[in-house]
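Residue-level listing of the chains:
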Amino acid sequence: MADSTPSASPSDRHRPVYVIGGGPAGLSAAYALRARGIRAVVLEKSDGVGAPWRRHYDRLHLHTTRRLSALPGLPIPRRFGRWVARDDVVRYLEKYAEVHALEIVTGVEVSRVERTPDGSGWLLHATGGRELTGAAVIVATGYNHTPYVPDWAGLDTYTGEFLHAGDYRSPAPYTGRDVLVVGVGNTGAEIAVDLVEGGASRVRLSVRTAPHIVRRSTAGWAAQYTGVLVRRLPTGVVDRLARPMAKLSVPDLSAQGLPRPDTGLYTRAKEGAIPVQDVGLIDAVRKGRVEVVAAVDGFEDGKVVLADGTRVSPEAVVAATGYVRSLEGLVGHLDVLDTRGRPVAHGARTPQNAPGLYFTGFTTPISGTLREVAMDAEKMAKAIVKNGADALSRLPG
Ligand SMILES: Cc1cc2nc3c(=O)[nH]c(=O)nc-3n(C[C@H](O)[C@H](O)[C@H](O)COP(=O)(O)OP(=O)(O)OC[C@H]3O[C@@H](n4cnc5c(N)ncnc54)[C@H](O)[C@@H]3O)c2cc1C
């Protein structure tokens, strides 16, 4: 891994492809380009690859299988097991960068991307006043970029312990304490279970919309396999197929506050709410060890106000309320984002008004994001070679 300043000469006819972000998406894109003899330089703002994975909570394992989570050009070692642990994901990403001799510059944050004045390439503004010119740019800064906390009334004056799930590591600080987890995505569901198993005295889970819950694996068949099989089917068909399957595999938790959702599983997934993979939530809710409560409306007099009017006084609140993409500063001025701040094109397709600007990792397919970025990498590399042949800097040999 390089740690020097990337060289750039805007007058060079041949330019590298710059990849912004050294997570799984950026690393696999760099590999796919390198495998085609194209120089790709990864710019990573932190001091190593896979930075978000180093910060995730301790008990995290991939919900997708080892085999279907591998990036192109390197299988994940068998010894990491079927559901790969967080630390092993980091080990794998480090090995991936090393084995493929990827050119990675750490400690460089890209703040803005714009067309070169002559329109022949892309100019990147980065840490320390750097200006780098690339033949093409791949934005791989992550779907889960910036922790999001709703604009709750009274939160600014709330003095109780409050943290975003991105800062949660383990249940140890909460042993014997009363904790409210807000949000029932995969992260909120798993943190609630972690707290119960770690000895919190009371765990409540605040739910606005009941989620679809699926078993991570049934008789050896991973939920991800179904996701891969149905991915291209019409949304309504998948919604209809999912309903009886859910009834068979997941008990009715209405009495405990988690009714089956009215909106179909795939409809919800396409809106960005991927199903919750059960890693203990069903059991914990059935046994009353995780109590489901209404959505949070705000904070008042040191209490949390819920949508049904109840006021609760937990000792700590963990907001598992998701992340935002934060692409506005980087590329917002290029008119390449939709109303929700997501890129209008991804993978091999570039926005019509921004040829040579690629995005990867900004979708949440039910077949798995890692599998998706691995496939995107090959498609983008092919497209870049096809569209930019003369302008690309090639590796020697
Ligand atoms: C808790 C959790 C569990 C997940 N589990 C799974 C799973 O089991 N299976 C699955 O398929 N997917 C999973 N995902 C989804 C997804 O696969 C991961 O988030 C994955 O890390 C995405 O890779 P990425 O490279 O797109 O983004 P990231 O891993 O977020 O990497 C982006 C990188 O870009 C860097 N960066 C950001 N902005 C800049 C900038 N301006 N300049 C330079 N560098 C920048 C960041 O420091 C970071 O290193 C999970 C996500 C989360 C949050």
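Each chain carries its own residue numbering, running from 1 in the direction its sequence is written. Only residues with pLDDT of at least 70 are given local features in this predicted model, and only at 80 or more are side-chain atom pairs given and counted; all residues enter the totals for whole chains, interfaces and linings. Computation of side-chain values covers all heavy atoms of the structure but excludes hydrogens and water.

1. Details of the site of the ligand
At step 1: As a matter of local geometry, the ligand sits amid 29 residues, with Glu 44, Trp 53, His 63, Thr 64 and Leu 370 nearest to it.
At step 2: For the ligand, a nitrogen atom lies 2.8 Å from a polar atom in the side chain of Thr 64.
At step 3: Calculation on the ligand without its partners gives an accessible area of 990 Å², and the protein chains cover 91% of this total.
At step 4: In terms of residues, the shell around the ligand owes the most to one element, helix 2 (residues 51-55), which gives 3 residues.
At step 5: Of the residues assigned to the shell around the ligand, the class counts are 13 nonpolar, 13 polar and 3 charged. By convention in this text, a residue qualifies as near a molecule or strand provided that one of its non-hydrogen atoms is within 4 Å of it. Pairs of N or O atoms within 3.5 Å make up the polar contacts considered here, provided that, within protein, one atom can donate a hydrogen while the other can accept it, and that residues adjacent in sequence are counted only when both atoms are side-chain atoms. In short, Shrake-Rupley with a 1.4 Å probe defines the accessible areas, and a residue's cover is counted only from the protein chains shown. Helix numbering and strand numbering both begin at the N terminus, where a helix is a DSSP run of H or I of at least 4 residues and a strand a DSSP run of E of at least 2. Gly is placed with the polar residues, together with every amino acid not listed as nonpolar (Ala, Val, Leu, Ile, Met, Phe, Trp, Tyr, Cys and Pro) or charged (Asp, Glu, Lys and Arg).

2. Quick word on the side chain of His 63
At step 1: Summarising the element assignment, His 63 is placed in the loop between helix 2 and helix 3 (86-99).
At step 2: Only protein chains enter the accessibility calculation, which uses a 1.4 Å probe; a residue whose area is less than 20% of its type maximum is buried, one above 50% is exposed, and one in between is partly exposed. When its relative accessible area of 15% is taken as the criterion, His 63 is described as buried.
At step 3: Note on contacts: a residue pair is in contact if any heavy atoms of the two residues lie within 4.5 Å. Those residues in contact with His 63, other than ones at most four positions away along the chain, are Trp 83, Asn 186, Glu 190, Arg 216 and Gln 277.

3. Re the packing of aromatic side chains
At step 1: Aromatic rings from Phe, Tyr and Trp, with only the six-membered ring used for Trp, were paired whenever their centres fell within 6.5 Å, and each pair was classed as stacked if the ring planes differed by under 30 degrees, edge-to-face if by over 60, and tilted otherwise. Here the structure, examined in full by the defined rule, presents 10 aromatic pairs.
At step 2: Considering the side-chain rings of Tyr 168 and Tyr 174, the 5.9 Å spacing of their centres and the 15° angle between planes classify their relative orientation as stacked.
At step 3: The class for Tyr 168 is buried, based on a relative accessible area of 1%.
At step 4: On the basis of relative accessible area, Tyr 174 is assigned to the buried category, the value being 5%.

4. Focus: the sheet that holds strand 3 (residues 103-106)
Backbone hydrogen bonds are what pair the strands of a sheet, in a parallel or an antiparallel way.
At step 1: DSSP-based pairing: two strands are paired if at least 2 bridges between them are found. Spatially, 5 strands are ordered 3-2-1-7-22 in an open sheet, and the strand pairing comes out parallel. Here the strands that pair on one side only, and so sit at the sheet edges, are strand 3 and strand 22 (357-359). Shown here is a sheet whose adjacent strand axes are inclined to one another by a mean of 20°, direction ignored.
At step 2: Sheet topology note: the strand 2 (residues 40-44)/strand 3 ladder contains 4 bridges and is parallel. The residue of strand 3 that forms the bridge with Val 42 is Ile 104. Lines fitted to C-alpha atoms define the axes, with helix axes restricted to the stretch in contact, and inter-axis angles between N-to-C directions lie between 0 and 180 degrees.

5. Description of the domain arrangement of the protein chain
At step 1: Throughout, the edges of the domains are those of an automatic or database domain assignment. The domain architecture assigned to the protein chain consists of domain 1 (17-145 + 325-391) and domain 2 (147-319).
At step 2: Each side of the interface is counted separately: domain 1 has 23 residues, and domain 2 has 30 residues.
At step 3: Together, the buried faces of domain 1 and domain 2 total about 2300 Å²; carbon and sulfur atoms form 50% of this surface.
At step 4: Basic side-chain nitrogens of Lys or Arg form a salt bridge, by our definition, when they fall within 4 Å of a carboxyl oxygen of Asp or Glu. The interface formed by domain 1 and domain 2 includes 4 salt bridges.
At step 5: Two residues, Arg 59 and Glu 197, come together in a salt bridge whose shortest N-O distance is 2.8 Å. Here the buried area means the combined drop in accessible surface, using a 1.4 Å probe, for two parts upon being joined, counting both sides.

6. Regarding the environment of Gly 142
At step 1: For Gly 142, the position within the fold is in the loop between strand 7 (136-139) and strand 8 (146-147).
At step 2: Considered as a pair, Gly 142 and Asn 186 are 44 residues apart in the sequence and their alpha carbons are 17 Å apart.
At step 3: Not counting residues within four places of it along the chain, the set of residues in contact with Gly 142 comprises Arg 325 and Phe 362.

7. As for the confidence of the model for the protein chain
At step 1: Per-residue confidence for the protein chain averages 95 on the pLDDT scale, and 97% of its residues sit at or above 70.
At step 2: When the criterion is pLDDT under 50, residues 7-11 qualifies, and its contacts beyond four places in sequence or with other chains add up to 8 contacts. Note: pLDDT gives the predictor's confidence per residue, expressed from 0 to 100.

8. Structural notes on unusual backbone geometry
At step 1: One non-glycine residue with positive phi stands out, namely Ala 219, at about 50°.
At step 2: Turning to its location among the elements, Ala 219 is positioned in the loop between strand 13 (217-218) and strand 14 (221-222).
At step 3: Note on Ala 219: relative accessible area 88%, which makes it exposed.
At step 4: Even without glycine at this site, Ser 326 takes up a positive phi of about 55°.
At step 5: One can find Ser 326 in the loop between strand 21 (323-324) and helix 9 (328-331).

9. Let's talk about the layout of surface pockets
At step 1: For cavity detection a 1 Å grid was placed over the protein atoms alone, and a set of points counts as a cavity when a 1.4 Å probe fits there but cannot get out; an open set counts as a pocket when protein lies on both sides within 12 Å along at least five of seven lines, with lining residues being those that have an atom within 4 Å of a point. Grid points are joined across faces, edges and corners, and a volume is the space filled by probe spheres set on the points. Considering only enclosed or pocket space, the second largest pocket measures out at about 490 Å³ in volume.
At step 2: Looking at the second largest pocket, it is lined by 22 residues, and the ones nearest its centre are Arg 231, His 346, Thr 363, Thr 364 and Pro 365.
At step 3: Going through the elements one at a time, helix 7 (265-270) and helix 10 (369-388) are the ones with two or more residues in the lining of the second largest pocket.
At step 4: When residues of the lining of the second largest pocket are sorted by domain, at least three fall in each of domain 1 (17-145 + 325-391) and domain 2 (147-319).

10. Some words on the environment of Val 137
At step 1: Topologically, Val 137 is positioned in strand 7.
At step 2: For Val 137 and Leu 124, which are 13 residues apart along the polypeptide, the C-alpha to C-alpha distance reads 8.8 Å.
At step 3: Setting aside anything within four residues of it in sequence, one finds Val 137 in contact with Tyr 18, Ile 20, Trp 122, Leu 124, Gly 356, Leu 357 and Tyr 358.

11. What about a positive patch on the surface?
At step 1: On the surface, Arg 240, Arg 243, Lys 247 and Arg 260 cluster together to form a positively charged patch.
At step 2: Structurally, the position occupied by Arg 243 is in helix 6 (residues 235-249). Each patch is built from salt-bridge-free residues with over 30% relative accessible area, joining like charges within 9 Å and nonpolar side chains (Val, Leu, Ile, Met, Phe, Trp, Tyr) within 5 Å. As used throughout, the charge tally considers Lys and Arg to be positive and Asp and Glu to be negative, leaving His and the chain termini uncounted. A single reference atom marks each charge: NZ on Lys, CZ on Arg, CG on Asp, CD on Glu.

12. Quick notes on the pairing of strand 6 (residues 130-134)
At step 1: With 5 bridges connecting them, strand 5 (residues 122-126) and strand 6 associate as antiparallel partners. Opposite Leu 123, over in strand 6, you have Thr 133 as the bridge partner.
At step 2: The antiparallel hairpin formed by strand 5 and strand 6 contains 3 residues in its connecting segment, where Gly 128 sits at a positive phi of about 70°.

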